[in-house]
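Letter by letter, the chains look like this.
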Amino acid sequence: MVPDLNADTTIDLRSDTVTKPTIAMRAAMAEAEVGDDVYGEDPAVNRLEAFAAEIFGREGAIFVPTGTMGNQIAIRLHTQHGQEVICESRAHILDWEMAMVSAFSGCMPRTVAGERGVLTWERIQAAIAPKTYYRAQTGLIALENSHNMAGGTVTPLDVYEEIWSGARDAGLPTHLDGARVFNASVALGIPVAELTSGFSSVMFCLSKGLCAPVGSMLVGSRRWIERARSVRKMLGGGMRQAGVLAAAGLIALEEMPKRLHEDHANAKLLAERMAELKQVEIDLATVQTNIVIFKLRGVADVTPVLAKMKERGVIAGAAATDQVRFVTHNDVDRAACERAAAVAAEVITAIG
Ligand SMILES: Cc1ncc(COP(=O)(O)O)c(C=O)c1O
């Protein structure tokens, strides 16, 4: 009998990365059949990679320790030094990946602002470098779905279809940072394979809303994934008996996407409660998945507000100095979200 190691009275809404592996994951990890994955001999990793490729309708997949490593392997493979990477102005690859677009791939991010984080072909096309010898050339279009810093907003399929077609005509590869692509898929009611079919490569995380303790996947063509194995090794990401992690990843992929709608409903509840407060500035239209971002009128730094919530057992994050962020996930149920909304409302109302 595995004890319930997840029992905790604190309501942690900082991120879906705080999710702990489920009891079923812990049991599968304990029993995982493993081998040396650098030799390609870990049965659980091989099963996970085959399953991820199948779900995304691709030839190949590779298990990587983090989403950041997956994105950066992809950027390195799609580009050449001295090129530009088009991305949204608050993209994760820009703000949270340690300048690796430049440091590792030798490229410059060319940022484009999207409406609620959604980039259209029209905006992307305008940012593609003219084909002339005296301009750095565009090497890659890198997009994000759902868009974390825009509040978990979702890019619909028709927007992508136009981008895929435009990028193909322009001869440019496309990469999706799909850290939370299952959230986007659930919100849109479209399978991940269809929602991502036109991207050259896709990274998605097992370790966020899907609750695996560690790991992300990169999917693409067989040949491209073989090249990704070398870059993963360059970065020190060749793992040995990684099957203990892949075993949890398999359950994450099989079982967890089907419950994500609960997180979305809980985020909506939190957002609606916050919107009732006169101190709160929130764009409810951005609350499409499991993320809620809002500002407090006249408050330039939310740190003291977050500290007061924490004293009362509710931990929230800051998306920027002046923005509170709540992220719902498997370890906070409806009752916890009701309690968090009540605590947040009391703290915020006390601001005056
Ligand atoms: C949109 C997005 N992409 C990539 C990542 C990177 O994932 P990791 O923390 O596993 O490196 C994150 C993590 O929060 C994310 O939100």
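No experiment lies behind these values; they were computed from the predicted model shown.

A.B. asks: Can you lay out the packing of aromatic side chains for me, pointing to particular residues and giving the numbers?
C.D. replies: Think of a pair of aromatic rings as described by two things: how far the centres are apart, and how the planes are tilted against each other in angle. In the structure shown here, the tally under the stated rule is eight aromatic pairs. Summarising the aromatic geometry, the rings of Phe-56 and Phe-204 are spaced 4.6 Å apart at their centres and angled 15° between planes, so their arrangement reads as stacked. Highlighted residues: Phe-56 in the loop between helix H2 (43–55) and strand S2 (60–64) and Phe-204 in strand S7 (residues 201–205), separated in sequence by 148 residues. Its relative accessible area of 1% is what places Phe-56 among the buried residues. On the accessibility criterion, Phe-204 (0% relative accessible area) is buried.

A.B. asks: Explain the site of the ligand to me, using residue names and the numbers behind them.
C.D. replies: The ligand sits among 13 residues. The nearest are Gly-67, Thr-68, Asn-148, Asp-177 and Arg-180. Interatomic distance of 2.8 Å between a side-chain N/O atom of Arg-180 and an oxygen atom of the ligand. Expressed as a share of its isolated accessible area of 390 Å², the protein-covered part of the ligand is 84%. Considering each element in turn, the shell around the ligand owes the most residues, three residues, to helix H3 (residues 67–78). Residues of the shell around the ligand, tallied by class, amount to two nonpolar, six polar and five charged.

A.B. asks: Could you give me a rundown of the side chain of His-264, with the residues and numbers involved?
C.D. replies: Tracing the chain through its elements places His-264 in helix H12 (residues 260–275). Aside from chain neighbours lying at most four places away, what touches His-264 is Asn-183, Val-186, Ala-187, Gln-288, Thr-289, Asn-290 and Thr-328.

A.B. asks: Please provide a residue-by-residue account of the pairing of strand S8 (residues 216–220), values included.
C.D. replies: Of all five residues in S8, five are buried, a share of seventy percent or more. Of the two faces of S8, the one carrying Ser-216, Leu-218 and Gly-220 and the one carrying Met-217 and Val-219 are both buried. Judged from the five bridges that link them, S2 and S8 form a sheet pairing that is antiparallel. Its bridge partner lying in S8, Ile-62 is registered against Leu-218. In the sheet, S7 pairs with S8 via four bridges, with the strands oriented antiparallel. Its bridge partner being in S8, Cys-205 is matched across the sheet by Ser-216.

A.B. asks: Just give me the short version of the nonpolar core, but keep the residues and values in it.
C.D. replies: Soluble, globular proteins show a tendency: their nonpolar side chains are buried together. Core analysis: the biggest nonpolar cluster contains 55 residues, and Phe-63, Leu-143, Phe-182, Phe-204 and Leu-206 have the highest contact counts within it. No other element matches the eight residues that helix H11 (residues 243–255) contributes to this core. What Leu-206 contacts, discounting residues up to four positions off in sequence, is Leu-48, Phe-63, Cys-211, Ala-212, Gly-215, Ser-216, Met-217, Gly-249, Ala-252 and Leu-253. Counting residues in each nonpolar core, the second largest holds 32 residues, with Leu-13, Met-274, Leu-296 and Val-302 among its members.

A.B. asks: If you had to explain the packing of helix H8 (residues 181–188) against H12 to someone new, which residues and values would you point to?
C.D. replies: Packed helices, taken two at a time, are described by the angle their axes make and the gap between the axes. Their axes nearest at 9 Å, the elements H8 and H12 cross at an angle of 80°. Considering their axes alone, H8 and H12 lie roughly perpendicular with respect to each other. Residues Phe-182, Asn-183, Val-186 and Ala-187 of H8 touch H12, and the partners they reach there are Leu-260, His-261 and His-264. In terms of residue class, the contact of H8 with H12 is built from four nonpolar, three polar and no charged.

A.B. asks: Quick rundown of the packing of H12 against helix H14 (residues 334–349)? Include the residues and the values.
C.D. replies: The geometry of H12 relative to H14 is characterised by a closest axis approach of 10 Å and an angle of 20° between their N-to-C directions. As judged from the angle between their axes, H12 and H14 are roughly parallel. Pair H12 / H14 crosses with right-handed handedness. For the pair formed by H12 and H14, the contact residues are Ala-265, Asn-266, Leu-269, Leu-270, Arg-273 and Met-274 on the first element and Arg-334, Cys-337, Glu-338, Ala-340, Ala-341, Ala-344, Ala-345 and Ile-348 on the second. Counted by class, the contact of H12 with H14 contains 10 nonpolar, one polar and three charged residues.

A.B. asks: Before we move on, can you summarise the sheet that holds strand S12 (residues 317–320) with the specific residues and values?
C.D. replies: Taking strand neighbours across the sheet as the criterion, the four strands line up as S9-S10-S13-S12 in an open arrangement whose pairing is antiparallel. The open sheet has two edge strands, strand S9 (280–281) and S12, and neither has a second partner. Summarising the sheet, strand S10 (residues 291–296) and strand S13 (residues 323–327) pair through five bridges and their orientation is antiparallel. For Lys-295, the partnering residue across the bridge sits in S13 and is Gln-323.

Conventions adopted
Residues numbered from 1 in each chain as written. Predicted model: local features only at pLDDT ≥ 70, side-chain atom pairs only at ≥ 80, totals over all residues. Heavy atoms only, no water. Phe/Tyr/Trp six-rings, centres within 6.5 Å; stacked < 30°, edge-to-face > 60°. Helix = DSSP H or I, 4+ residues; strand = E, 2+ residues; numbered from the N terminus. Buried < 20%, exposed > 50% of the residue type's maximum accessible area, 1.4 Å probe, protein only. Near = heavy atom within 4 Å. Polar contact = N/O pair within 3.5 Å; in protein donor to acceptor, adjacent residues only side chain to side chain. Areas by Shrake-Rupley, 256 points an atom, 1.4 Å probe, with all protein chains shown as cover. Nonpolar A, V, L, I, M, F, W, Y, C, P; charged D, E, K, R; others polar. Contact = heavy atoms within 4.5 Å. Pairing = 2+ DSSP bridges. Core = buried A, V, L, I, M, F, W, Y, C linked by side-chain atoms within 4.5 Å. Axes fitted to C-alpha atoms, helices over the stretch in contact; angles between N-to-C directions. Parallel < 35°, antiparallel > 145°, perpendicular 65-115°, else oblique. Left-handed = near helix turned anticlockwise from the far one by under 90°.

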